[in-house]
Amino acid sequence: LRARLEFVVGAEVRDFVKDGGTYILKPSATNKGGGIGLCSSAEEVLEHLREEAHVREWVLQEYVHPVMLYRGRKFHLRLYVLCMDALRVFMHRRVLMLCAGEEYGGLGVGG
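The structure reproduced in this document is the subject of the present report. (Residues numbered from 1 in each chain as written. Predicted model: local features only at pLDDT ≥ 70, side-chain atom pairs only at ≥ 80, totals over all residues. Heavy atoms only, no water.)

Right, let's get into a nonpolar patch on the surface. The grouping of Tyr70, Leu77, Leu79, Val81, Val89, Met91, Val95 and Met97 at the surface amounts to a nonpolar patch, some 710 Å² of accessible area in total. By the secondary structure assignment, Leu79 is in the loop between strand 4 (75-78) and strand 5 (81-83). For Leu79, a relative accessible area of 42% translates into the label partly exposed. (Patch = residues over 30% accessible without salt bridge, like charges linked within 9 Å, V, L, I, M, F, W, Y side chains within 5 Å. Areas by Shrake-Rupley, 256 points an atom, 1.4 Å probe, with all protein chains shown as cover. Salt bridge = Lys/Arg side-chain N within 4 Å of Asp/Glu carboxyl O. Helix = DSSP H or I, 4+ residues; strand = E, 2+ residues; numbered from the N terminus. Buried < 20%, exposed > 50% of the residue type's maximum accessible area, 1.4 Å probe, protein only.)

Laid out in structure tokens, this is it:
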């Protein structure tokens, strides 16, 4: 089962990750930057997944450049949405904006 899972995940990662790009791999159940890896190839992503086999859920996203900043800090927005069916979607009026604790210093460790 483990070999089959690695084969399926490997195929998905290889389809998504393109050479020359930078990708962020992070555990989906953590915050404050814990466990984040920067990868530039599918093999780096897969190696990181193997090293952190105890983590079951991950987010893999392409690193967007140039980075959007708010007052010199990276940020992300969290929107809360409820989907009732294919035609009814409700979005909460308020949006949560979370900012980094330090100013952005460029791509790299802690960046």
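Let's shift gears to the packing of aromatic side chains. Per the counting criterion, the structure on display carries 1 aromatic pair. When the centroid spacing of 5.7 Å and the interplanar angle of 65° are considered together, the rings of Phe16 and Tyr23 count as edge-to-face. Assessed through its relative accessible area of 37%, Phe16 is described here as partly exposed. Take Tyr23: its relative accessible area is 2%, and that puts it in the buried class. (Phe/Tyr/Trp six-rings, centres within 6.5 Å; stacked < 30°, edge-to-face > 60°.)

A word on the nonpolar core. Soluble globular proteins tend to pack their nonpolar side chains together in the buried interior. Within the largest apolar cluster, 9 residues are counted, these being Val13, Val17, Tyr23, Leu25, Cys39, Ala42, Val45, Leu46 and Leu49. Put simply, the parts of the chain that give this core at least two residues each are strand 1 (23-27) and helix 2 (42-51). (Core = buried A, V, L, I, M, F, W, Y, C linked by side-chain atoms within 4.5 Å.)

Strand order in the open sheet formed by 3 strands is 2-1-3, with antiparallel pairing between adjacent strands. In the strand order of this sheet, the two ends are held by strand 2 (37-39) and strand 3 (58-62), each with one partner. Averaged over all adjacent pairs, the angle separating strand axes in this sheet is 25°, with direction ignored. Relative to strand 2, strand 1 runs antiparallel, the two being bridged by 3 bridges. Among the inter-strand pairings, Leu25 is bridged to a residue of strand 2, identified as Gly37. The strands touched by helix 2 within the sheet are strand 1, strand 2 and strand 3, with strand 2 carrying the most contacts at an inclination of about 155°. (Pairing = 2+ DSSP bridges. Axes fitted to C-alpha atoms, helices over the stretch in contact; angles between N-to-C directions. Contact = heavy atoms within 4.5 Å.)

The next thing to look at is the side chain of His48. Following the sequence through the fold, His48 ends up in helix 2. Contact partners of His48, with chain neighbours within four places excluded, come to Leu25, Gly35, Gly37 and Trp58.

Right, let's talk about helix 2 for a bit. Inspection of helix 2 places Ala42, Val45, Leu46, His48 and Leu49 among the buried residues, and these make up the whole buried set. Taken down its axis, helix 2 places every buried residue within 160° of arc, on the same side. (Arc of directions from axis to C-beta.)

This next bit is on the pattern of salt bridges. For side chains bearing opposite charge, pairing can occur when the charged atoms are close. Counted by the stated rule, this structure contains 2 salt bridges. The salt bridge partner of Glu43 is Arg14, with a shortest N-O separation of 2.9 Å. Residue Glu43 is found in helix 2, and its partner Arg14 is found in helix 1 (residues 2-16); the two are separated by 29 residues along the sequence. Look at Arg14 and you get partly exposed, because its relative accessible area is 42%. Arg50 is the partner of Glu47 in a salt bridge, and the nearest nitrogen-oxygen pair spans 3.4 Å. You can see Glu47 and its partner Arg50 sitting in helix 2, 3 residues apart, about one turn around the helix. Here Arg50 falls in the partly exposed class, since its relative accessible area comes to 38%.

So far we have only geometry, and geometry alone does not tell us how the molecule works.
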